[in-house]
Amino acid sequence: MTAYAIGHIRPETMNEDVLRYIEEIQSTMDPFEGRFLVHGNPVEVLEGSFPGDLVIIAFPDIERARAWYASPAYQEILPLRSRHIPGDILLVEGVPAGYDATRTAAALRGSAGL
């Protein structure tokens with residue numbers, strides 16, 4: 001099942017470290033079949049607030065997403081971003097093909113006794 005690395009980052013200023021990180025991140029993702037789905041595009045906030053930028057990287061599965069993040073190649077460049085750009089980074093599995101939210105709602109109703 002596809003898994004995603006999601007970053008909600010709040011860049012403050014551009015510098016050489018951040019540019020180097022951006023230049024080198026793709027080569028750390030390639031061995032794990034990671035690909036950018038969202039990177040640097042403006043978000044359209046419909047509800048609430050969302051300061052910062054959104055980054056979404058897809059991987060074939062959660063194991064490869066975890067392996068990419070833990071890889072020596074990524075860990076080597078990670079401080080180039082994390083020293084300069086605060087943010088929240090998450091890994092999450094997607095839902096399977098044919099997912100139906102009504103089934104999830106029914107299970108939640110049953111669990112809650114509603």
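Criteria and cut-off values
- Residues numbered from 1 in each chain as written.
- Predicted model: local features only at pLDDT ≥ 70, side-chain atom pairs only at ≥ 80, totals over all residues.
- Heavy atoms only, no water.
- Helix = DSSP H or I, 4+ residues; strand = E, 2+ residues; numbered from the N terminus.
- Rg over C-alpha atoms; globule rule 2.2 N^0.38 Å.
- Buried < 20%, exposed > 50% of the residue type's maximum accessible area, 1.4 Å probe, protein only.
- Contact = heavy atoms within 4.5 Å.
- Areas by Shrake-Rupley, 256 points an atom, 1.4 Å probe, with all protein chains shown as cover.
- Lys, Arg positive; Asp, Glu negative; His and termini not counted.
- Charge placed at Lys NZ, Arg CZ, Asp CG, Glu CD.
- Core = buried A, V, L, I, M, F, W, Y, C linked by side-chain atoms within 4.5 Å.
- Axes fitted to C-alpha atoms, helices over the stretch in contact; angles between N-to-C directions.
- Parallel < 35°, antiparallel > 145°, perpendicular 65-115°, else oblique.
- Polar contact = N/O pair within 3.5 Å; in protein donor to acceptor, adjacent residues only side chain to side chain.
- Arc of directions from axis to C-beta.

Trainee: Help me out: how do you make sense of the overall build of the protein chain in this one?
Mentor: Summing up its helical and strand segments, the protein chain has four helices and four strands in all. Its helices and strands in sequence order give the protein chain the pattern β-α-β-β-α-α-β-α, from N to C terminus. For the protein chain, whose C-alpha radius of gyration is 17 Å, the value lies well above the compact-globule estimate of 13 Å for 114 residues. Along the longest, intermediate and shortest principal axes, the C-alpha atoms of the protein chain span 55 × 35 × 20 Å. In the protein chain, which comprises 114 residues, the proportion classed as buried is 27%. Considering only contacts within the protein chain whose residues lie at least 6 apart along the sequence, 78% involve residues at least 24 apart. Of the accessible surface of the protein chain, which amounts to about 7,500 Å², a share of 55% is contributed by carbon and sulfur atoms. Put simply, the protein chain has 9 plus and 16 minus side-chain charges, and the middle of one group is 6 Å from the middle of the other.

Trainee: Help me understand the nonpolar core in this model?
Mentor: Y21, I25, I57, F59, W68, Y74 and I77 are the most contacted members of the largest nonpolar core, which has 19 residues in total. Residues in contact with F59, not counting those within four places in the same chain, are T2, A3, A5, F32, E33, G34, R64, A65 and W68.

Trainee: Could you clarify how one ought to interpret the packing of helix α2 (residues 62-70) against helix α3 (residues 72-82) in this entry?
Mentor: For the pair α2 and α3, the least separation of the axes is 5 Å and the interaxial angle reads 55 degrees. With respect to α3, the element α2 is oriented oblique. On the side of α2, the interface is formed by W68, Y69 and A70, while α3 contributes P72, Y74, Q75 and L78.

Trainee: I would appreciate a short explanation of the side chain of H8 in the present structure.
Mentor: As for its placement among the helices and strands, H8 is situated in strand β1 (residues 3-9). Since its relative accessible area comes to 17%, H8 is described here as buried. For H8, the side chain forms a polar contact with the main-chain oxygen of P51, separated by 2.5 Å. Apart from residues no more than four positions distant in its own chain, H8 is found in contact with F50, P51, G52, D53, P86, G87 and D88.

Trainee: Help me understand α3 in this model?
Mentor: The periodicity of an α-helix, 3.6 residues per turn, causes residues three or four places apart in sequence to face the same way. Of the residues making up α3, those classed as buried are Y74, I77, L78, L80 and R81. Down the axis of α3, the buried side of the element spans an arc of 160 degrees, and every buried residue falls inside it. Away from its buried face, by an angle of more than 90 degrees, α3 presents the exposed residues P72 and E76. Against α1 (16-29), α2 and β4 (87-93) lie the buried residues of α3.

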